[in-house]
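Here's the letter readout for the chains.
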Amino acid sequence: MSGLTLSEQIISNNVGRPVRAGELVVVEPDTAMGHDSLTPGIIKTVKEQLGVEKVANRDQIVLVMDHVAPASNVGTAQNQNFIREFAREQDVRLFDVGRGICHQVLVEEKIARPGTIVVGSDSHSTSYGAVGAFGSGMGSTDIALVWATGKTWLRVPETLRIQVSGRFRPGVDAKDLALKLCRDLTIAGATYMAIEYHGMDWLPMNGRQTMSSMAIELGAKAGIFPPDGEVAERFDVPDWLYVDSDAIYAQTLEIDLDELEPQVAIPHSVDDVVDLSDIVGQKIDVVFLGTCTNGRYEDLRDAADILQGKQIHPHLRLLVTPASREELQKAIADDTLNILLSAGATLTTPGCGACMGRHQGTLADNDICLSTGNRNFKGRMGHPTSQIYLSSPSVAAASAITGEITDPRLLTVSL
Amino acid sequence: MSNIWKFGADVDTDQIVPGRYAPYMRPDKDVGDAAFIEARPDFNKQAVPGDLIVATDNFGCGSSREYAPYALRRRQVGAIFANSFARIFYRNAINLGIPVFVDAELVEKLLAGSEATLDLEDGTILIDGNRHALPEVPNFAKEIIDAGGIVPYVREHGRFPNS
Ligand code: SF4
């Protein structure tokens, strides 16, 4: 018998027998997360359509208010109270406005842990793979069924192995690698598959979260790091979860980090990616530093290192939305936040902020934004004629100074 | 007779329903009125029940928002044909009972055609007067679609298909 991939091990452990890629199985997820944008509908499906008054397993459910936080109008405010009422009535955990983005909060709270299955009403639930969990996004009806029955069905995925060698050169980071994977594999390159990232036991949590959150941009079902390095230091790793040298991979992609250049995704697709050097000079109106992909302390710090003692371009807005309250507090504890504010940044509530174009920095017609987020689909951040470029926090910070897409390595040399 | 609405590759859920038009943001509105509101205003204004959506690769990529396929269900789309679907969209559409077909040959014919009549009972589609067989749908998906969606299926059977 050959060995098992990380997904096969995690799903096998959940169902209590060895399962292989291709099998349809019914699992009991450890966690089923709902965020404010979809939870009102999920609650209605549970109660009105499924006729269930009491959820199957209150310990499974986690609610987070992050997509419109705090409420932006009467409708969202009412919906949020509806969620709060449900949380009290069912006695389930609720992380209210200001706590942070669901994918960050579940990792900080150690709800997502190595070896667990975490499903969420959000496509970026692949993020939990950063800590060695099987994290996957589902629609509201599937999440409602988990809340009502405790269960869901899954097809055990095949696995795409990313084998990395070398190290990031100065000015290059995990975001550039995530964008390079979009470029090489395309937006549908890993559809239905789980991704495993190998050769990066040295990569800190932050970089892993950046990579795993963007697994969905390749169409993947999950994006899992072996639970080693910083994850093994911070979490208990079950002894049955390990990299099996006999595991069968559907495909392997090798990447040499020593060759990797900073990457930028251009409008309107996340797999439309170019080398930074091919797009420098592109004028921008807004820089958005935030999201579940790049809104953590380390990302704010990278930006602060570049913005230290400088001012943003007078024609540009710099929006900073920390991924969580804890990340914001870390940025307050040293001089990170102060540097960003002194440079002219606008700070907004921890959460999704402008990422979905709903509040806290919605784009107007023809606005051009450089975002550290994960999606640049047409109209995502506001008006359909607005444009979104995606980059690492360092490139975003350097570009905020000049008002055009800028290579941070050249900026340091020339100043 | 149904209209054929033609799309290319990588139609993302932000195109189907922009996040700003989510039911969460507009609790008093029917999300069906936001279907393709910015990406295909002609669909938004003119699509009628039974119309078919045809696309090439990776239809429905991006966000997990179920209100995207739900908006299409509210517009009573007859079926969606594509060379391939993004995973979450495909699952959501089946859960909502929307017939989804993966068939590159039919997609080619539909993209070249001007009108079509879908006969789900009979398992055929008439495209500009020529009758073609519909492709096989995976068994679990067929059971769910036949029940009218996953919610009626689970209510009726007390379990998931294939379990
Ligand atoms: S930050 Fe953006 S991508 Fe991440 S969960 Fe929030 S809306 Fe989704």
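Residues numbered from 1 in each chain as written. Chains lettered and ligands numbered in written order. Predicted model: local features only at pLDDT ≥ 70, side-chain atom pairs only at ≥ 80, totals over all residues. Heavy atoms only, no water.

Colleague: Would you mind showing me how to read the interface of chain A and chain B here?
Modeller: For an interface, size is often stated in terms of accessible area lost upon the parts coming together. Facing 52 residues of chain A, the contacting portion of chain B comprises 34 residues. Between chain A and chain B lies a buried interface of about 3,500 Å² when both sides are counted; carbon and sulfur atoms form 60% of it. For the pair chain A and chain B, the interface holds 2 salt bridges. Residues Arg-91 of chain B and Asp-142 of chain A are paired through a salt bridge, measuring 2.7 Å at the closest nitrogen-oxygen approach. Where chain A touches chain B, the interface holds 22 residue pairs in polar contact (both at pLDDT 80 or more). Going through the elements one at a time, β1 (24–27), α2 (39–49), α3 (74–90), β6 (134–137), α5 (140–149) and β7 (152–155) of chain A are the ones with two or more residues in the side of chain A that touches chain B. Ranked by residue count, the leading element in the side of chain A that touches chain B is α5 of chain A, at 5 residues. The class makeup of the residues in the side of chain A that touches chain B is 18 nonpolar, 24 polar and 10 charged. (Contact = heavy atoms within 4.5 Å. Buried area = accessible area lost by both parts, 1.4 Å probe. Salt bridge = Lys/Arg side-chain N within 4 Å of Asp/Glu carboxyl O. Polar contact = N/O pair within 3.5 Å; in protein donor to acceptor, adjacent residues only side chain to side chain. Helix = DSSP H or I, 4+ residues; strand = E, 2+ residues; numbered from the N terminus. Nonpolar A, V, L, I, M, F, W, Y, C, P; charged D, E, K, R; others polar.)

Colleague: Teacher, can you tell me more about the sheet that holds strand β11 (residues 251–256) of chain A here?
Modeller: By definition, the strands of a sheet pair up through backbone hydrogen bonds, in either a parallel or an antiparallel sense. Residue and element names in this part refer to chain A. Strand order in this open sheet of 4 strands is β10-β9-β8-β11, and the pairing throughout is parallel. Both outer strands of the open sheet, β10 (222–224) and β11, are each paired with one neighbouring strand and no more. On average, each strand axis in the sheet is inclined to that of its neighbour by 20°, with strand direction left out of account. (Pairing = 2+ DSSP bridges. Axes fitted to C-alpha atoms, helices over the stretch in contact; angles between N-to-C directions.)

Colleague: What is the right way to look at the domain arrangement of chain A in this model?
Modeller: Residue and element names in this part refer to chain A. Partitioning chain A into domains gives domain 1 (6–256) and domain 2 (266–414). For domain 1 and domain 2, the distance between their C-alpha centres works out to 25 Å. Facing the 35 residues of domain 1 at the interface are 37 residues of domain 2. When domain 1 packs against domain 2, the two sides together hide about 3,100 Å² of surface, and 53% of this comes from carbon and sulfur. Our count for the domain 1 to domain 2 interface comes out at 3 salt bridges. Ionic pairing is found between Arg-99 and Glu-326, a salt bridge with its closest N-O pair at 3.4 Å. (Domains from an automatic or database assignment.)

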